[in-house]
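Coordinates in review
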Amino acid sequence: MSECIFESVYEEMFPFWEKISDTEKDYICKNSYTLTYPKGKNIHNGEECSGVILVRSGCLRLYMMSEEGKDITLYRLYRGDLCMLSASCVLEAVTFDVFVDAEEDSECCVISGPAFAAVSGENPDIRIFALETAVSRFSDVMWVMQQILFMSMDRRLAIFLSDEAARTGSDTIALTHGQIARYMGSAREVVSRMLKYFSGEGIVEVSRGGVTILDKKRLRALIS
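Notes on the structure follow. (Residues numbered from 1 in each chain as written. Predicted model: local features only at pLDDT ≥ 70, side-chain atom pairs only at ≥ 80, totals over all residues. Heavy atoms only, no water.)

As for the sheet that holds strand 1 (residues 32-37)
Taken together, four strands build an open sheet; the order of strands is 1-8-3-6 and the sheet is antiparallel. Where the open sheet ends on each side, the last strands, each with one partner, are strand 1 and strand 6 (82-83). One ladder, built from two bridges, connects strand 3 (residues 52-57) with strand 6; its direction is antiparallel. In the sheet register, Leu54 faces strand 6, and the bridge partner there is Leu82. (Pairing = 2+ DSSP bridges. Helix = DSSP H or I, 4+ residues; strand = E, 2+ residues; numbered from the N terminus.)

Okay, structure coming up:
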């Protein structure tokens, strides 16, 4: 096998890596490349097989788009996360369009979709990994749909703020009202009204820098 600059990354990310042949490893490596995406760049528009994307740094947002142009965030990917839904040629059962944007300046490893599909077609370990990865993300998608369809707005916003604080390790969520609305699949005006209510109740403080959680106990009470 020739030297592969992605070897250490793939050894860590892919449980099947030690089970496949040197020829298959070499083929994957030769069809891998590093790409840097500026903030706001559309990476995948749902129409082509963009490949398997591994986030090395930054943040990617996956979302669905209605015919009217309204989008719903499905989930976000951070360092170490893998995107399989951008490789429709690998997962042929995925028939809906998913869009991917860079939320921040992001560096990614990308494996050619047709190349990954070719080796997965010959190796069940790779195929199983691809399906398991996609299924795990579908649970995230179903959670989003459950919130939108069945939860009240105050509970949804409380969950979002709590999750963001846990993810970043900070009580200040440095996002605009518009960004929060986009992540939640809501309207900015609705989010602004609910944040104003939370602020009036002393649960959060709203400023130009974002939203700061003041009363975690009451925020958790809204969730439960």
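A short note on the environment of Pro15
On the secondary structure map, Pro15 appears in the loop between helix 1 (7-13) and helix 2 (22-30). When its relative accessible area of 57% is taken as the criterion, Pro15 is described as exposed. Expressed as a C-alpha distance, the spacing of Pro15 and Phe129, which sit 114 residues apart in the sequence, is 7.8 Å. (Buried < 20%, exposed > 50% of the residue type's maximum accessible area, 1.4 Å probe, protein only.)

Quick notes on the layout of surface pockets
As a volume, the largest pocket reaches approximately 510 Å³. In terms of lining residues, the largest pocket is bounded by 19 residues, among which Leu74, Arg76, Val144, Phe160 and Asp163 are the most central. Contributions of two or more residues to the lining of the largest pocket are made by strand 5 (71-77), helix 4 (124-150), helix 5 (153-168) and helix 6 (177-184). Grouping the amino acids of the lining of the largest pocket by side-chain chemistry returns ten nonpolar, two polar and seven charged. Considering only enclosed or pocket space, the second largest pocket measures out at about 240 Å³ in volume. Along its surface, the second largest pocket is lined by 15 residues, and Lys39, Glu103, Glu104, Gln179 and Tyr183 are the ones closest to its centre. Those elements that provide at least two residues to the lining of the second largest pocket are strand 7 (99-102) and helix 6. With three residues, helix 6 is the single largest residue contributor to the lining of the second largest pocket. Each residue belonging to the lining of the second largest pocket can be placed in one class, and the counts come to five nonpolar, two polar and eight charged. (1 Å grid on protein atoms, 1.4 Å probe; cavity = no way out; pocket = protein on both sides within 12 Å on 5 of 7 lines; lining within 4 Å. Points joined across faces, edges and corners; volume = space filled by probe spheres on them. Nonpolar A, V, L, I, M, F, W, Y, C, P; charged D, E, K, R; others polar.)

Digging into the packing of helix 5 against helix 6
The interhelical angle for the contact between helix 5 and helix 6, taken along N-to-C directions, is 105 degrees, at an axis separation of 11 Å. Accordingly, the angle class assigned to the pair helix 5 and helix 6 is roughly perpendicular. Touching Met153, Arg156, Leu157 and Phe160 of helix 5 are Ile180, Tyr183 and Met184, all from helix 6. When the residues that make up the contact of helix 5 with helix 6 are grouped by side-chain class, the tally is six nonpolar, no polar and one charged. (Axes fitted to C-alpha atoms, helices over the stretch in contact; angles between N-to-C directions. Parallel < 35°, antiparallel > 145°, perpendicular 65-115°, else oblique. Contact = heavy atoms within 4.5 Å.)

Quick word on helix 6
Every buried residue belonging to helix 6 is among Ile180, Ala181, Tyr183 and Met184, and all of these are buried. Projected down its long axis, helix 6 carries its buried residues within an arc of 165 degrees, all on one side. Tucked inside the fold, the buried residues of helix 6 contact strand 4 (60-65), strand 5, helix 4, helix 5, helix 7 (188-200) and strand 11 (210-213). Among the residues trailing helix 6, Gly185 stands out with phi positive, at a value near 70 degrees. (Arc of directions from axis to C-beta.)

Some points on the pattern of salt bridges
A complete count under the given rule lists twelve salt bridges for this structure. A salt bridge links Asp26 to Lys30; its shortest N-O distance comes to 3.2 Å. Of this pair, Asp26 and Lys30 are both found in helix 2, four residues apart, which corresponds to roughly one turn of the helix. Judged by relative accessible area, Asp26 falls into the buried class, the value being 14%. With a shortest N-O distance of 2.9 Å, Glu201 and Arg218 are connected by a salt bridge. In this pair, Glu201 is assigned in the loop between helix 7 and strand 10 (204-207) and Arg218 in helix 8 (residues 216-223), connecting sequence segments 17 residues apart. Here Glu201 falls in the partly exposed class, since its relative accessible area comes to 34%. Linked by salt bridges that have partners in common, Arg61, Asp71, Glu103 and Arg182 make up one network. (Salt bridge = Lys/Arg side-chain N within 4 Å of Asp/Glu carboxyl O.)

Keep in mind these values describe shape, not function.
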